[in-house]
Amino acid sequence: MKLWQSLEFLPAVEDFSDYVVNAEVGIDTSLTKKLSLRTFVQDSYDSTPAAGRKKNDVKLVVGIAYKFN
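What counts, and at which threshold
Residue numbers here run from 1 along each chain, matching the order of that chain's written sequence. Local features in a predicted model are, by the rule used here, given only for residues with pLDDT of at least 70; side-chain atom pairs are given and counted only at 80 or more, and totals for whole chains, interfaces and linings are based on all residues. Excluding hydrogens and water, the side-chain figures rest on all heavy atoms present in the structure. A run of DSSP states H or I qualifies as a helix once it reaches four residues; a run of E qualifies as a strand once it reaches two. Both are numbered from the N-terminal end. In this treatment the radius of gyration is a C-alpha quantity, and the globule benchmark scales as 2.2 Å times the residue count to the 0.38 power. For the exposure calls, accessible area comes from a 1.4 Å probe over protein chains only, and a residue counts as buried if that area is under 20% of its type's maximum, exposed if over 50%, partly exposed in between. Contacts between residues were defined by any pair of non-hydrogen atoms, one from each residue, lying within 4.5 Å. To measure how exposed things are, a 1.4 Å probe is used in the Shrake-Rupley method; for residues, cover is taken only from the protein chains shown. Counting rule for charge: Lys and Arg are taken as positive, Asp and Glu as negative, and neither His nor the chain ends is counted. We put the charge of a Lys on NZ, of an Arg on CZ, of an Asp on CG and of a Glu on CD. We define a polar contact as two N or O atoms separated by no more than 3.5 Å, with the added condition that, inside protein, one atom must be a possible hydrogen donor and the other a possible acceptor, whereas residues neighbouring each other in sequence contribute only through side-chain atom pairs. For two strands to pair, DSSP has to find at least two bridges joining them. Simply put, an axis is a line fit to the C-alpha atoms, just over the touching stretch for a helix, and the angle between two N-to-C directions goes from 0 to 180 degrees.

(A) View of the overall build of the protein chain. Per the secondary structure count, the protein chain includes 0 helices and 4 strands. When the elements of the protein chain are put in sequence order from the N terminus, they spell out β-β-β-β. For 69 residues, the compact-globule estimate of 2.2 N^0.38 gives 11 Å, and the protein chain exceeds it by more than 25% at 16 Å. The principal-axis extent of the C-alpha atoms belonging to the protein chain is close to 50 × 25 × 15 Å. The buried share among the 69 residues of the protein chain stands at 10%. Contacts spanning at least 24 positions in sequence make up 36% of the contacts within the protein chain whose residues lie at least 6 apart. Counting every atom, the protein chain has about 5500 Å² of accessible surface; 59% of that belongs to carbon and sulfur. Looking at charge distribution, the protein chain has the averaged site of its 9 positive side-chain charges lying 16 Å from that of its 9 negative ones.

(B) Local environment of the side chain of Ser 47. With respect to the element layout, Ser 47 can be found in the loop between strand E3 (35-46) and strand E4 (56-66). Within the structure, the side chain of Ser 47 is placed 2.8 Å from the backbone nitrogen of Tyr 19, a separation counted as a polar contact.

(C) Just the pairing of E3, in detail. In the sheet, strand E2 (residues 19-30) pairs with E3 via 11 bridges, with the strands oriented antiparallel. Bridging across to E3, Val 20 finds its partner in Asp 46. Bridging between E3 and E4 involves 11 bridges; their strand directions are antiparallel. Within the sheet, the bridge partner assigned to Val 41 lies in E4 and is Leu 60.

(D) Molecular detail of the sheet that holds E2. The antiparallel open sheet is built from 4 strands, whose spatial order is E1-E2-E3-E4. Sheet topology places strand E1 (2-11) and E4 at the edges, where each strand pairs with a single neighbour. Sheet twist, expressed as the mean angle between neighbouring strand axes with direction ignored, is 10°.

(E) Representation of the side chain of Ser 36 in the model. With respect to the element layout, Ser 36 can be found in strand E3. Side chain to side chain, Ser 36 and Asp 28 meet in a polar contact 2.8 Å long. Not counting the four nearest positions on each side in its chain, Ser 36 is found in contact with Asp 28, Thr 29, Ser 30, Leu 31, Gly 63, Ile 64, Ala 65 and Lys 67.

Coordinates in, geometry out; function isn't part of it.
Next comes the structure, spelled out in structure tokens:
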């Protein structure tokens, strides 16, 4: 089993109140020697989104990974 997380803060150079925060947390669980189940959540927050867009975008991703080595 493998766990990971990441966090990224991307401010605009000319205005630090305009920023994007990206975060990810996930788990990779072995099913066999070659296959694993990978599940993670990604969140993207934009402090000043485009007109008609929401500030927050959350994705849940589930997939099967194959190891070639």
